[in-house]
Amino acid sequence: MRRVVEARIGYPLPHLYDAIYSYKDYGADAARLTALIRARNPSARTLLDVACGTGKHLETLQGEFDVEGLDLDEGLLEVAGERLGDVPLQRGDMRDFDLGRRFAAVTCLFSAIGHMSDSGELDAAVATMARHLEPGGVLIVEPWLEPDVWIAGRLHLLTVDEPELKVARITVPEKHGITSVMNFHYLVATPEGVETHAERMEHGLFTKDEYRAAFERAGLTTEHDEEGLTGRGLWIGTAASAA
Ligand SMILES: C[S@@+](CC[C@H](N)C(=O)[O-])C[C@H]1O[C@@H](n2cnc3c(N)ncnc32)[C@H](O)[C@@H]1O
């Protein structure tokens, strides 16, 4: 059986997300994030992961913090729910959500912030996340790539080779102004058959100045960590302590 699924925007293969990104070391990310948060807010207990996806950062951070997650994509939240049991998960948009409470740390990782399409949306997302910080709380955002780093036409191949799942994903990148476009073409094989999928994903390409300005406009003391988690750096903002 061979089935073709038409292109749509979003994450059409939530059940394959963890297999596709199995190269990521979420445990190492959690150790580094914990160190960065505790260096700025030693008594931090609560953490909200915005754009938590399938919840793998929450899974690895829950030994250190009381964690909660938020994401826009119902399919990914469903996978996170199966993984995390009782951990509170909400559906929401990072540009405009209000959970009615504040956290010692808020994270937004693996370049989810790239889903913002212009600097107005970037500002809105950073301000919304900053509003969820307690006094002295820490916001950590892993940025998407900067405009000069994104090269149109540089093809990329990712494969998954498990006993009952084979995936080949070819990415054909485009660049339109400050927007990167990833055209993903998937070939997915299981014992039940083979499917092809297509997915088009657009991300905003923001400069360091734009990230810094968004953090400063949100009232945060702002630092840039060059090393980061995956070579993309990290933006770290700390809210003012209570007087
Ligand atoms: C590359 S994934 C990262 C997921 C997770 N943070 C990780 O490290 O595996 C990007 C995530 O951003 C979420 N997302 C996209 N736009 C969003 C928005 N406006 N508000 C909240 N989440 C959003 C997607 O649903 C997806 O889970």
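Being a predicted model, the structure only gives us computed values, none of them experimental.

1. Section: the site of the ligand
Step number 1: In the neighbourhood of the ligand, 20 residues make up the surrounding shell, with Tyr 17, Tyr 26, Ala 51, Asp 71 and Met 94 lying closest.
Step number 2: The separation between an oxygen atom of the ligand and a polar side-chain atom of His 57 is 3.3 Å.
Step number 3: Burial of the ligand by the protein chains amounts to 95% of its free accessible area of 590 Å².
Step number 4: Residues that form the shell around the ligand fall into these classes: 12 nonpolar, four polar and four charged.

2. Topic: the pairing of strand E5 (residues 103-108)
Step number 1: Burial analysis of E5 places six of its six residues in the buried class, which makes it a mostly covered element.
Step number 2: In the sheet, strand E2 (residues 46-50) pairs with E5 via three bridges, with the strands oriented parallel. Opposite Leu 47, over in E5, you have Ala 105 as the bridge partner.
Step number 3: For the handedness criterion, the β-α-β arrangement of E5, helix H5 (residues 119-130) and strand E6 (residues 133-141) is classed as right-handed.

3. Brief notes about the sheet that holds strand E11 (residues 221-225)
Step number 1: A sheet is described by the order of its strands in space; here seven strands give the open sequence E4-E3-E2-E5-E6-E12-E11, paired in mixed fashion. Bordering the open sheet on either side are strand E4 (89-91) and E11, each of which pairs with just one other strand. On average, each strand axis in the sheet is inclined to that of its neighbour by 15 degrees, with strand direction left out of account.
Step number 2: In the sheet, E2 pairs with strand E3 (residues 66-71) via five bridges, with the strands oriented parallel. Directly across from Val 50, in E3, lies its bridge partner Leu 70.
Step number 3: Along the sheet, helix H2 (residues 26-40) contacts E2, E5, E6, E11 and strand E12 (234-238); its crossing angle with E6, the most-contacted strand, is approximately 145 degrees.

4. Considering the packing of aromatic side chains
Step number 1: Scanning all chains against the criterion turns up eight aromatic pairs.
Step number 2: A ring pair is formed by Tyr 21 and Phe 110, whose centres lie 5.2 Å apart and whose planes are at 85 degrees; its orientation type is edge-to-face. Of this pair, Tyr 21 sits in the loop between helix H1 (17-20) and H2 while Phe 110 is found in the loop between E5 and H5, placing the two residues 89 residues apart along the sequence.
Step number 3: For Tyr 21, a relative accessible area of 14% translates into the label buried.
Step number 4: Counting every residue linked through ring pairs, the aromatic cluster contains Tyr 17, Tyr 21, Tyr 23 and Phe 110.
Step number 5: Sitting over the face of the ring of Phe 110, Lys 24 holds its NZ or CZ atom 3.8 Å from the ring centroid.

5. A look at H5
Step number 1: With 12 residues, H5 should reach 16 Å at 1.5 Å per residue; the first-to-last C-alpha distance of 16 Å fits that figure.
Step number 2: All of the buried residues in H5 are Leu 122, Ala 125, Val 126, Thr 128, Met 129 and Ala 130.
Step number 3: Its buried side turned inward, H5 meets E2, E5, E6 and helix H6 (208-217).
Step number 4: The N-cap of H5, judged by a side-chain oxygen 3.1 Å from the amide nitrogen of Gly 120 a few residues on, is Asp 118.

6. What about the pairing of E2?
Step number 1: A large share of E2 lies buried, amounting to four of its five residues.
Step number 2: Between E2 and its parallel partner E3, the chain crosses via helix H3 (residues 56-61), and the hand of that crossover is right-handed.

7. Observations concerning the packing of H5 against H6
Step number 1: At a closest axis distance of 9 Å, the pairing of H5 and H6 adopts a crossing angle of 40 degrees. With respect to H6, the axis of H5 lies oblique. Crossing of H5 against H6: the hand is right-handed. For the pair H5 and H6, contact is made by Ser 119, Leu 122, Asp 123 and Val 126 and by Glu 210, Tyr 211, Ala 214, Phe 215 and Arg 217, respectively.

8. Focus: the side chain of Glu 199
Step number 1: With respect to the helices and strands, the residue Glu 199 is situated in strand E10 (residues 193-204).
Step number 2: We note that Glu 199 is buried and unpaired, the nearest opposite charge coming from Arg 169 at a distance of 6.3 Å.
Step number 3: Within polar-contact distance, the side chain of Glu 199 engages the side chain of Tyr 186 at 2.9 Å.

Scoring rules and cut-offs
- Residues numbered from 1 in each chain as written.
- Predicted model: local features only at pLDDT ≥ 70, side-chain atom pairs only at ≥ 80, totals over all residues.
- Heavy atoms only, no water.
- Near = heavy atom within 4 Å.
- Polar contact = N/O pair within 3.5 Å; in protein donor to acceptor, adjacent residues only side chain to side chain.
- Areas by Shrake-Rupley, 256 points an atom, 1.4 Å probe, with all protein chains shown as cover.
- Nonpolar A, V, L, I, M, F, W, Y, C, P; charged D, E, K, R; others polar.
- Buried < 20%, exposed > 50% of the residue type's maximum accessible area, 1.4 Å probe, protein only.
- Helix = DSSP H or I, 4+ residues; strand = E, 2+ residues; numbered from the N terminus.
- Pairing = 2+ DSSP bridges.
- Right-handed = clockwise from strand over helix to strand, strands pointing away.
- Axes fitted to C-alpha atoms, helices over the stretch in contact; angles between N-to-C directions.
- Contact = heavy atoms within 4.5 Å.
- Phe/Tyr/Trp six-rings, centres within 6.5 Å; stacked < 30°, edge-to-face > 60°.
- Lys NZ or Arg CZ within 6 Å of the ring centre and 35° of its normal.
- Expected span 1.5 Å × (residues − 1).
- Parallel < 35°, antiparallel > 145°, perpendicular 65-115°, else oblique.
- Left-handed = near helix turned anticlockwise from the far one by under 90°.
- Lys, Arg positive; Asp, Glu negative; His and termini not counted.
- Salt bridge = Lys/Arg side-chain N within 4 Å of Asp/Glu carboxyl O.

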